[in-house]
Amino acid sequence: MRKYFGTDGIRGEANKELTVELALKLGYALGYTLKKEYPDKKRIRVIMGSDTRRSGYMLRSALTAGLNSMGINIDFVGVIPTPGVAYLTEKSTAKAGIMISASHNPAKDNGIKIFWEDGYKLPDEVELEIEKLMDNVEEITKDPIAGDEVGRFTYAEDEYYLYRDHVVSTVKGDFSGMKIILDAANGSAYRVAKEVFLALGAEIVIINDAPNGKNINVRCGSTHPEILSKVVMGYEADLGLAYDGDADRLIAVDKNGNIIDGDKIIAVLALGMKDRGELKNNQVVTTVMSNMGFENYLSNKGIHLIRANVGDRYVLEKMKELNVNIGGEQSGHIILSDFGTTGDGVLTSVKLVEAIRDSGKSLDELVGEIVDWPQLLINVRVDNSKKNLWNKNEVIVKFIQEKELEMADLGRVLVRTSGTEPIVRVMVEGKEMATVDKVAKEIAAVVEKELI
């Protein structure tokens, strides 16, 4: 069991769970790890970026103090999408990348994601070693380096343009004649999304691009695309594109205001890749949350769907294992490994628009053949100390087993714990919505009763 790291770095309510003290300890431990990993390198550099949360400045200061005290240099690249930090880390001489963000979580939360020098998130064994060091700070800091040898902090915000230009370069041609609405979620995409689509010649309208430190993800972005739907129809745009707080996710909206989730975006991209002979092994990797209707659609197109556990790290592991170059989650976290090492909402959005342009069809036409099975996801907020105990609770386990028997041949039941929030997710999918609704609510009620 991990003590600090979850499925996507360290995350929690800023200043309560994710404290200055914890961030300082992480700075010490990461600095110590890097020095141990590169003993012959006199000066080690890391890339650091953040989203627009107010607490990001506080956590940045604590991380900086820990890292600098261990002799590590920091290039702070400012507000940038998480995949921008991964890209800049991979393409530079930096030995690690740090992103301060809680992604799609509320503004009061924050998180710290760490990338290794290859642009991929830390392996499990490295995270576990860092956790041990965080609990042994007195030992690793007992012999501090001289005051004139500590690391330095440098503002390097111009490096942002390297990432922006990389995204633009992945598209052949331009998007002239296309009208697109962008929802930046008052987060990391507020600048780069606009600049990328303008550079590609699209006519754009951008909403939720005025971050104030507290409005990130508030009734906007990929978790709340309802307003975007109305704006798309109001402007008679070709489509809308919504990012989350750190812009590693994308949810789309077609010209009729219909919300297009990650499954369907993957389907459009994968089919285009297959037609061009670019889809490796004719396979895609998604998670256990992906809809059966989506899987049936891909199968009919000659594309095999592979399911991984929920979490982009598990999707990526399976992609590497099977040599697959597209994978992702229903939530819109999509990895295009030909162009990046992690999910990238802005990159995915330009590749989606490119696929729409090249097909000669509208987005609603491209996804029209995908018939989803009814699916209901209920997030049950529980006591954080109990959230990982649901599958050890006899009442819950027995009840779920009964409902699985009830759903036999009619659908499936999936219950799991959120890796980033005090939530147990209850998902039921089946051929009939009435059955799905009944079973999901019954299971959620039992989970809530037992764990609150």
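Keep in mind that this is a model prediction, so the values were computed, not measured.

What counts and what doesn't
- Residues numbered from 1 in each chain as written.
- Predicted model: local features only at pLDDT ≥ 70, side-chain atom pairs only at ≥ 80, totals over all residues.
- Heavy atoms only, no water.
- Pairing = 2+ DSSP bridges.
- Helix = DSSP H or I, 4+ residues; strand = E, 2+ residues; numbered from the N terminus.
- Axes fitted to C-alpha atoms, helices over the stretch in contact; angles between N-to-C directions.
- Phe/Tyr/Trp six-rings, centres within 6.5 Å; stacked < 30°, edge-to-face > 60°.
- Buried < 20%, exposed > 50% of the residue type's maximum accessible area, 1.4 Å probe, protein only.
- Lys NZ or Arg CZ within 6 Å of the ring centre and 35° of its normal.
- Contact = heavy atoms within 4.5 Å.

Caption draft 1: Region of interest: the sheet that holds strand β16 (residues 375-381). Pairing in this open sheet of three strands is antiparallel, and the strands run β16-β18-β17 from one edge to the other. One side of each edge strand has no neighbouring strand; the edge strands of this open sheet are β16 and β17 (411-417). Taken pair by pair, the neighbouring strands of this sheet meet at an average axis angle of 10°, ignoring direction. Bridge count between β17 and strand β18 (residues 423-430): seven bridges; the pairing is antiparallel. Directly across from Arg412, in β18, lies its bridge partner Glu429.

Caption draft 2: Quick look at the packing of aromatic side chains. The final tally for this structure, using the stated rule, is six aromatic pairs. Relative to Tyr163, the ring of Tyr87 lies with its centre 6.4 Å away and its plane at 55°, an arrangement referred to as tilted. With Tyr87 in helix α3 (residues 82-91) and Tyr163 in helix α6 (residues 160-169), this pair connects stretches of sequence that are 76 residues apart. There is no split in this pair, since Tyr87 and Tyr163 are both buried. Pairing Tyr160 with Tyr161 gives two aromatic rings, centres 5.0 Å apart and planes at 70°, and the pair type is edge-to-face. The partly exposed category is assigned to Tyr161, whose relative accessible area is 33%. Between Lys95 and the ring centre of Tyr38, over which it is positioned, the NZ or CZ distance is 4.8 Å. Above the ring of Tyr120, the side-chain terminus of Lys320 is found at 3.5 Å from the ring centroid.

Caption draft 3: Fine view of the environment of Ala444. You can see Ala444 is positioned in helix α15 (residues 433-451). The exposure class assigned to Ala444 is buried, which follows from its relative accessible area of 8%. Separated by 65 residues in sequence, Ala444 and Asn379 place their C-alpha atoms 8.0 Å apart. Beyond its immediate stretch of four places on either side in the chain, Ala444 contacts Ile378, Val380 and Val426.

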